[in-house]
Amino acid sequence: MDSAALLQFAIAGLKNGAIYALVALGFTLVFGSTGIINFAQGEFFMLGGMLAVFFVRLGLPLPIAVIAGVLATAGIGLAFERLALRPRRDSGPLVLIIITIGGSMVMKSLSRHVFGGSELSLPAFSEGPSIVVAGAAIERQAFWVWGLTIIAVVGLTWLYSKTKFGRSMRACSLSHEASRLMGIDTARIVMVSFGLAAVLGGIAGVVVAPLTQTSFDVGARIGVKGFAAAILGGLGNPIAAVVGGLTLGLVESMSIAFISSTYKDVIALVLLLLVLFVRPEGILGRATREKV
Amino acid sequence: MTGKWLQRMLPATVVLTLVVASLAGCSQADSSSDEGGEETAKEPYTIGAVLSLSGTYAGLGEPEKNTIEMELERINEDGGVNGHPVKVVIEDDATDPAKAQAATVRLIEQVDVLAIIGATGTGQTMGMRGDIDRAGIPQVSVAGGTVVTAQFDPLVFQTPWSNSLVVPFTLSRLRDAGITKIALMYDTGGFGADGGDVVKATVGEYGISVVAEQTFNPGDTDMTAQLTMVKGSDAEAVVLWNAGKESAIVAKNMQQLSMMLPLYGCHGNARAEFAEGAGDAAEGFRFAAGKILLPETYGTDSMSYRVATDFVERYTERYGKAPDTFAGHAYDALYLIVEAMRRLPEGFTTAELRDEIERTDDFVGIGGIFTFTESDHNGMSEDDLVMYRIQDGAWVLDTP
């Protein structure tokens, strides 16, 4: 295999991996402030793409439609937390997780009724042929995927480590009770986390839609991949989510290159199991997690 | 107290309302189109239909349901079947074989249908078989997998062109184009894997060899890795078997990798969403499908042309967009049953109905001209297929 082909496999892996990473960041964010897994994260991805297409069809210019799609998804994320999760917040993690599963079903069914069952297309953010680097072709939309992933991870890292709000979020993940006693408005923290997770899912959804088209049922699969990426990297840390996403993407594309396309998902999942076997906390996860 | 209770119940109420609303949306289909029952004294003939109105194949089930409702009105306005109004009870299988099976049981036990149309998907169609056999009711499937009629059941008929018809047609066109080495790509779902198996089994007969074989999963978002493997082989064309949105991704990824190889798809790509999704990457994409996409290919003086243009006009007027091939499959399924009923005397049994459907001879449908025999329940020939090419975003006839 020549180096251009190898580079092409790496690019394909990094492109898919960045998409997984964006979804994984959403899982990490919600886990970070609530300690639960939000199984509706994949539906935020679906909603971002579908709503952007909806706004384009209303006649809005593409950049505005894309931003509106992400913001509308954020609104749905906030409303979901406020209306479905907050009233049961004292019921324990299992109940909340089940509510997120129910929420994902509702979002998917409603989307199917509102937008129909067919796949929808969104134009590419920047027109033009793919860019050739050392014999490997990179489509322009891939730069948007990478750029937005970098912005998201830098932004989140800054939020976590440098702002009062971020520190409050981390405090929440350790203990809601203690945080509340320390004067942190935990309800607001949780709601904002869901809003931000919806923004991340929405961004991933709109940036992928020009590459793949979108439809009401794309959420479940990407949710599984993003979840796997978040677990692989180690839940609760933005950098780890990105490492997990890129690793998963690269393993998939290298499996195609050196083994077989039929088994790429199997190989990726076996790797996930192996990593969890050796390091249950994920590649970059912290070994001990204080839980009260 | 009340305030707290309200606050606690509010989300549950909202969710419940939404669920009920979405269920109501689904069950509208159940009571569909039994108009016209009052005027005639004769008892209605009831047909069941199991379609995917939600789930992965919702985009296929929708035109099928539209077609059945539209044609049913027309049949009943024309006096039904020998004075009996026709009623179709449509059930949603949510693209789930288990639900398709449950719907079949309901149609048989509670509704007492004479025949069943569906399911939309191959897996769902096969899931219904046990109960179809148990009740001895004829089934006309609108699913495209070869297995539906290849795993022969005297009760089961099939209206889409099966892969065992489309694959040889496509391979013969590749041979005529002088191509001897192909790369084969297909999805691992039912339809793609079925097509891939038929290609591998028959390709030798056309002096062609598969030099690269790549698969992808339904829902995959990028095929550049698979295509890089294809690029490294000495394939002269790519044959792609898939009916989902992944096809557009393959076309776009090939353009991205500046691969100039001709790309041949299949009848699963005969949807406007494909050409739209792939954009200018779809230019030159070839696929075999029936003639409905360009009705003039039936021959403008033929009966088929009149049937198809009439259907296209009525459908477009009613639903605001042209029917796709899936609408055509539902049209054929409904009329194959209704025409057989018309030929039978009063008080026929389901066994007699099955025999009469099998006696269908030269029925001019949308998918082609159907002639069933005791061993052929697909009933069409390669003459019903043409090769299309996408040019300037539209389908044109690809003449050899």
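About the cut-offs
- Residues numbered from 1 in each chain as written.
- Chains lettered and ligands numbered in written order.
- Predicted model: local features only at pLDDT ≥ 70, side-chain atom pairs only at ≥ 80, totals over all residues.
- Heavy atoms only, no water.
- Helix = DSSP H or I, 4+ residues; strand = E, 2+ residues; numbered from the N terminus.
- Rg over C-alpha atoms; globule rule 2.2 N^0.38 Å.
- Patch = residues over 30% accessible without salt bridge, like charges linked within 9 Å, V, L, I, M, F, W, Y side chains within 5 Å.
- Areas by Shrake-Rupley, 256 points an atom, 1.4 Å probe, with all protein chains shown as cover.
- Salt bridge = Lys/Arg side-chain N within 4 Å of Asp/Glu carboxyl O.
- Lys, Arg positive; Asp, Glu negative; His and termini not counted.
- Charge placed at Lys NZ, Arg CZ, Asp CG, Glu CD.
- Axes fitted to C-alpha atoms, helices over the stretch in contact; angles between N-to-C directions.
- Parallel < 35°, antiparallel > 145°, perpendicular 65-115°, else oblique.
- Left-handed = near helix turned anticlockwise from the far one by under 90°.
- Contact = heavy atoms within 4.5 Å.
- 1 Å grid on protein atoms, 1.4 Å probe; cavity = no way out; pocket = protein on both sides within 12 Å on 5 of 7 lines; lining within 4 Å.
- Points joined across faces, edges and corners; volume = space filled by probe spheres on them.
- Nonpolar A, V, L, I, M, F, W, Y, C, P; charged D, E, K, R; others polar.
- Domains from an automatic or database assignment.
- Polar contact = N/O pair within 3.5 Å; in protein donor to acceptor, adjacent residues only side chain to side chain.
- Buried area = accessible area lost by both parts, 1.4 Å probe.
- Pairing = 2+ DSSP bridges.
- Right-handed = clockwise from strand over helix to strand, strands pointing away.
- Core = buried A, V, L, I, M, F, W, Y, C linked by side-chain atoms within 4.5 Å.
- Buried < 20%, exposed > 50% of the residue type's maximum accessible area, 1.4 Å probe, protein only.

### A word on the overall build of chain A
Helices and strands together make up the secondary structure of chain A, namely eleven helices and two strands. Put simply, chain A runs from its N terminus to its C terminus through helices and strands in the order α-α-α-α-β-β-α-α-α-α-α-α-α. For chain A, whose C-alpha radius of gyration is 19 Å, the value lies close to the compact-globule estimate of 19 Å for 292 residues. Along the first, second and third principal axes, the C-alpha set of chain A runs to 60 × 50 × 35 Å.

### Section: a positive patch on the surface
Residue and element names in this part refer to chain A. Judged by side-chain charge, Lys164, Arg167, Arg170 and Arg188 come together as a positively charged surface patch. Per-element tally for the positive patch: the top contributor is helix α6 (residues 164-174), with three residues. Looking at the secondary structure, you find Arg167 in helix α6.

### A short note on the pattern of salt bridges
Evaluation of the coordinates by the stated rule reveals 36 salt bridges over all chains. Note that Glu69 of chain B and Lys65 of chain B form a salt bridge whose closest N and O atoms lie 3.6 Å from each other. Of this pair, Glu69 of chain B and Lys65 of chain B both sit in helix α2 (residues 58-77), four residues apart, roughly one helical turn. Between Glu213 of chain B and Lys200 of chain B there is a salt bridge, with the nearest N and O atoms lying 3.0 Å from each other. Here the residue Glu213 of chain B occupies a position in strand β7 (residues 209-216), and Lys200 of chain B occupies one in helix α8 (residues 190-202), the gap between them amounting to 13 residues. The network of salt bridges with common partners includes Arg221, Lys225, Glu252, Lys264 and Asp265 of chain A together with Asp220 of chain B.

### Observations concerning the packing of helix α7 (residues 163-176) of chain B against α8 of chain B
All names here are of chain B. For the pair α7 and α8, the least separation of the axes is 9 Å and the interaxial angle reads 50°. In this view, α7 runs oblique relative to α8, as classed from their interaxial angle. Taken as a pair, α7 and α8 cross one another with a handedness that is right-handed. Residue-level contacts link Asn163, Ser164, Val167 and Leu171 of α7 to Phe191, Asp194, Gly195, Val198, Val199 and Thr202 of α8.

### With respect to empty space enclosed by the protein
Considering all chains together, one arrives at four cavities of 30 Å³ or more under this definition. Residue lining of the largest cavity: 13 residues in total, with Asn16, Glu252, Ile256 and Lys264 of chain A together with Asp222 of chain B positioned closest to the centre. Counting residues per element, the ones that place at least two in the lining of the largest cavity are α1 (3-34) and α10 (238-258) of chain A together with α9 (224-231) of chain B. Examining the composition of the lining of the largest cavity, we find that four residues originate from one element, α10 of chain A, more than from any other. Looking at the lining of the largest cavity, its residues break down into three nonpolar, five polar and five charged. As a volume, the second largest cavity reaches approximately 50 Å³. Forming the boundary of the second largest cavity are Glu119 of chain A together with Ala243, Gly244, Lys245, Ser247, Gly268, Asn269, Arg271, Glu273 and Phe274 of chain B.

### Comments concerning the domain arrangement of chain B
All names here are of chain B. For chain B, the assigned domains read domain 1 (26-33 + 41-161 + 307-381) and domain 2 (164-289). Of note, the centres of domain 1 and domain 2, computed from C-alpha atoms alone, are 30 Å apart. If you look at the interface, domain 1 gives twelve residues, while domain 2 gives nine residues. Connecting domain 1 to domain 2 are zero salt bridges. Summed over the shared surface of domain 1 and domain 2, the number is three residue pairs in polar contact (both at pLDDT 80 or more). Residue composition of the side of domain 1 that touches domain 2, grouped by class: five nonpolar, six polar and one charged.

### Quick word on the interface of chain B and chain A
The partner chain A presents 42 residues to the 43 residues of chain B that form the contact. In total, about 3500 Å² of surface goes out of reach between chain B and chain A, with carbon and sulfur atoms giving 52% of it. For the chain B face of the interface with chain A, the top three residues by lost area are Thr221, Lys245 and Gln256 of chain B, together amounting to 18%. Viewed at the interface, chain A and chain B are joined by seven salt bridges. Residue Lys245 of chain B is joined to Asp217 of chain A by a salt bridge in which the shortest nitrogen-to-oxygen separation is 4.0 Å. Among the elements that make up the side of chain B that touches chain A, the one with the highest residue count is helix α1 (residues 2-27) of chain B (ten residues).

### Examining the pairing of β7 of chain B
Residue and element names in this part refer to chain B. Bridging between strand β6 (residues 181-187) and β7 involves seven bridges; their strand directions are parallel. Residue pairing in the sheet places Lys181 in a bridge with Ser209 of β7. Read from β6 through α8 to β7, the crossover connection turns out right-handed.

### So, the nonpolar core
One finds Leu22, Leu25, Phe45 and Phe80 of chain A to be the most contacted residues of the largest nonpolar core, which totals 82 residues. Ranked by size, the runner-up nonpolar core spans 71 residues in total, among them Val140, Val198, Trp241 and Tyr298 of chain B.

### With respect to the sheet that holds strand β2 (residues 86-92) of chain B
Residues and elements named next belong to chain B. What the five strands build is an open sheet, ordered β2-β1-β3-β4-β5; its pairing is parallel. Of all the strands in the sheet, just β2 and β5 (156-158) have a single pairing partner and so form its edges. Within this sheet the neighbouring strands show an average axis-to-axis angle of 20°, counted without direction. Sheet analysis places strand β1 (residues 45-51) next to β2, joined by seven bridges and oriented parallel. In the sheet register, Ala49 faces β2, and the bridge partner there is Ile90.

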